[in-house]
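As a plain string of letters, each chain reads:
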Amino acid sequence: MAVAAPVHAGYAQDLDRRLEALEQEVAALKEDLAAQRRGDTPGLVIARGEVALSGYLQTDARTTFHADPAADEFYVRRARLVISGRLGRVAEFYVSPEFTNATLYDGYIDLKSSHAVQLKVGKFKVPFGLELLQSAATLVFAERGLTYDLVPNRDIGLAVHGGTGGVEYAVGVCNGVQD
């Protein structure tokens, strides 16, 4: 006989908060649709949007069992702040600086006419190589495989991407960064 684990109070509160936000968004969309049908929309419409702030920290410790404690290392592999958001239903943005070496890892705007056709402009992961497209925050191991060294990483450029019916595509023109 299986016994269900109790639901964490924070999880239930998070679900309630997300449900309330979705209900507010649906109400706002219904209001916009009704205004469009009545024809009383203003000439200039400021899109609704949202901004999210997150980040992650990944550390590494290397210890040797020698008499020299100076050989032991502890360092920060990744320390990234992530600022992401969207403007209405047509644009999303993503900015992620890396604090361990003071570089901008990602910074792009994604314009969406539909799920099938989207345009990404800025600095982003080049659409080449499946291992690189996986986020560092979701890696199982701290190191990537050897094939990681054979594909380009992030680059400045533009890409047309999208998908429909279980098929996705991405075509990009980039600056040609040397990794």
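Everything below is about the structure shown above.
Just so you know, these numbers come straight off a predicted model, no measurement behind them. Along each chain, numbering runs from 1 in the same order as the chain's sequence is written. In keeping with the predicted nature of the model, local features appear solely for residues at pLDDT of at least 70, side-chain atom pairs appear and are counted solely at 80 or more, and the whole-chain, interface and lining totals rest on all residues. Processing note: side-chain calculations cover all non-hydrogen atoms of the structure and skip hydrogens and water entirely.

Asker: What am I meant to see in the pattern of salt bridges here?
Answerer: Where side chains of opposite charge bring their charged atoms close, a pairing between them can arise. In the sections that follow, a salt bridge refers to a side-chain nitrogen of Lys or Arg positioned within 4 Å of a carboxyl oxygen of Asp or Glu. Tallied over the full model, the rule gives seven salt bridges. Arg-86 serves as the salt-bridge partner of Glu-25, at 3.1 Å between the closest nitrogen and oxygen. Placement of the pair is Glu-25 in helix α1 (residues 9-38) and Arg-86 in strand β2 (residues 73-87), with a sequence separation of 61 residues. The partner of Arg-62 in a salt bridge is Asp-60, and the shortest N-O contact between them spans 3.5 Å. Burial here depends on accessible area, computed with a 1.4 Å probe over protein chains only, as a share of the maximum for the residue type. Under 20% is buried, over 50% is exposed, and the range in between is partly exposed. You can call Arg-62 partly exposed: its relative accessible area is 38%. On the basis of relative accessible area, Asp-60 is assigned to the buried category, the value being 15%. Secondary structure follows DSSP: runs of H or I at least 4 residues long count as helices, runs of E at least 2 residues long count as strands, and numbering of each begins at the N terminus.

Asker: Help me understand a nonpolar patch on the surface, please; the structure alone is not making it clear to me.
Answerer: A contiguous nonpolar patch, built from Ile-109, Leu-111, Val-117, Leu-119, Val-121, Leu-158, Val-160, Tyr-169, Val-171 and Val-173 and spanning about 800 Å² of accessible area, is present on the exposed surface. Here the element with the most residues in the nonpolar patch is strand β7 (residues 167-174); it accounts for three residues. Among the structural elements, Val-117 can be located in the loop between β4 (103-112) and β5 (118-125). Assessed through its relative accessible area of 41%, Val-117 is described here as partly exposed. Like charges within 9 Å and nonpolar side chains (Val, Leu, Ile, Met, Phe, Trp, Tyr) within 5 Å are joined into patches, using only residues over 30% in relative accessible area that form no salt bridge. Here the Shrake-Rupley method, with its probe set to 1.4 Å, supplies the accessible areas, and only the displayed protein chains count as covering residues.

Asker: Just checking my understanding: could you explain the packing of aromatic side chains for this structure?
Answerer: Ring pairs (aromatic) are described by centroid distance and by the angle formed between their planes. Working definition: a ring pair exists when centres of Phe, Tyr or Trp rings (six-membered ring for Trp) sit within 6.5 Å. Plane angles under 30 degrees give stacked, over 60 give edge-to-face, the rest tilted. Counted by the stated rule, this structure contains two aromatic pairs. Here the aromatic rings of Tyr-94 and Tyr-108 are separated by 5.6 Å at their centres, their planes lie at 20 degrees, and the arrangement is stacked. With Tyr-94 in strand β3 (residues 91-98) and Tyr-108 in strand β4, this pair connects stretches of sequence that are 14 residues apart. In this structure Tyr-94 comes out as partly exposed when scored by relative accessible area, which is 25%.

Asker: Looking at this structure, how should I read the pairing of β3?
Answerer: The side chains of a regular strand alternate between both faces of the sheet. Strands are treated as partners if at least two bridges between them are detected by DSSP. Taken together, the six bridges between β2 and β3 define a ladder with antiparallel strand orientation. Looking at the pairing, Arg-86 lines up with Glu-92 of β3. One ladder, built from eight bridges, connects β3 with β4; its direction is antiparallel. The residue of β4 that forms the bridge with Ser-96 is Asp-106. Between β3 and β4, which pair antiparallel and follow one another directly, the connecting turn spans four residues, one of which, Ala-102, has a positive phi of 50 degrees.

Asker: Even after reading the chapter, I still don't get the sheet that holds β4, so can you show me in this structure?
Answerer: Hydrogen bonds between backbone groups are what pair the strands of a sheet, and the pairing can be parallel or antiparallel. Read from one edge of the open sheet, seven strands run β1-β2-β3-β4-β5-β6-β7, paired in antiparallel fashion. Each edge of the open sheet is held by one strand with a lone partner, namely β1 (49-62) and β7. Pairwise comparison of adjacent strand axes, ignoring direction, gives a mean angle of 15 degrees for this sheet. Judged from the six bridges that link them, β4 and β5 form a sheet pairing that is antiparallel. All axes here are fitted lines through C-alpha atoms, helices being fitted over the stretch that makes contact, and every angle between N-to-C directions spans 0 to 180 degrees.

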